[in-house]
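Summary of the model geometry
Here is what each chain is made of, one letter per residue.
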Amino acid sequence: MTADAPARGVARTRHLPRYLPRYEAGMDFGAVLRETRGGRELPPPPAFTEPAADLAERARRALYEVADPEFPISIVDLGLVRGVEGDEKAGSVTVHLTFTATACPCMDFIEWDVRQRLLEMDGIRKVEIVTGWDPPWTTAAISARGRRLLRSVGVVT
């Protein structure tokens, strides 16, 4: 276990950064971001204008709430989420992740946070995380929204 990973069986309260509010259907995401980012508006995460069609999409949207511990953006906007598969009947979700480096000190913490966030959702009883390194992560994986968020806090990509 790394120093970043919580001990097994120990509950950790999830404190989302102010700039990553929990999305709810019908939320005026722009207004929330204007309020939390000092008036600078960013678009909502993609496809949040329509209801999620299936378990995999609901899970992917929930991952926008999981922040990378080293960068002030979600792991989806950072390009760490390579795919999400869901099985409604079994109540299981498989998340394909990569990381910014093979020696990333936060891998266990991010995996733990992904698992915890998804297990909070109705209908999900099992979460499997598959880590892949091919192709390797590069800054090209950061979404346009992620780049704007990073620039807003002074990180140049």
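A brief report on the enclosed structure follows. No experiment lies behind these values; they were computed from the predicted model shown. (Residues numbered from 1 in each chain as written. Predicted model: local features only at pLDDT ≥ 70, side-chain atom pairs only at ≥ 80, totals over all residues. Heavy atoms only, no water.)

1. As for helix α4 (residues 144-152)
- Among the residues of α4, Arg-145, Gly-146, Leu-149 and Leu-150 are the ones counted as buried. Buried residues in α4, looked at end-on, bunch into an arc of 135 degrees, giving them a common side.
- A positive backbone phi angle near 90 degrees is found at Gly-154, which sits one or two residues after α4. (Buried < 20%, exposed > 50% of the residue type's maximum accessible area, 1.4 Å probe, protein only. Helix = DSSP H or I, 4+ residues; strand = E, 2+ residues; numbered from the N terminus. Arc of directions from axis to C-beta.)

2. Some thoughts on the environment of Val-81
- Summarising the element assignment, Val-81 is placed in strand β1 (residues 81-87).
- Spatially, the C-alpha atoms of Val-81 and Ala-141 are 9.7 Å apart, while their sequence positions differ by 60 residues.
- Leave out the neighbours within four places in its chain, and Val-81 touches Leu-63, Ile-75, Val-76, Val-95, His-96 and Leu-97. (Contact = heavy atoms within 4.5 Å.)

3. Quick look at the sheet that holds strand β2 (residues 92-97)
- Read across the sheet, 3 strands follow the order β1-β2-β3 without closing on themselves; strand pairing throughout is mixed. Either end of the sheet is taken by a strand with one partner, and the two such strands are β1 and β3 (126-131). In this sheet, neighbouring strand axes are inclined to one another by 15 degrees on average, regardless of whether the strands run parallel or antiparallel.
- With 6 bridges connecting them, β2 and β3 associate as parallel partners. Within β3, the position partnered with Leu-97 by the bridge is Thr-131. (Pairing = 2+ DSSP bridges. Axes fitted to C-alpha atoms, helices over the stretch in contact; angles between N-to-C directions.)

4. Some thoughts on unusual backbone geometry
- Here Asp-134 and Pro-135 are connected by a cis peptide whose omega angle stands at 5 degrees.
- Within the secondary structure, Pro-135 is located in the loop between β3 and α4.

5. Points about the state of the cysteines
- Tallied over the entire structure, the rule returns 0 disulfides.
- Cys-104 forms no disulfide, and the closest cysteine sulfur to it belongs to Cys-106, at a distance of 4.9 Å.
- Classification of Cys-106 by relative accessible area gives buried; the value is 5%. (Disulfide = S-S within 2.5 Å.)

By themselves, these observations are geometric and do not establish any function.
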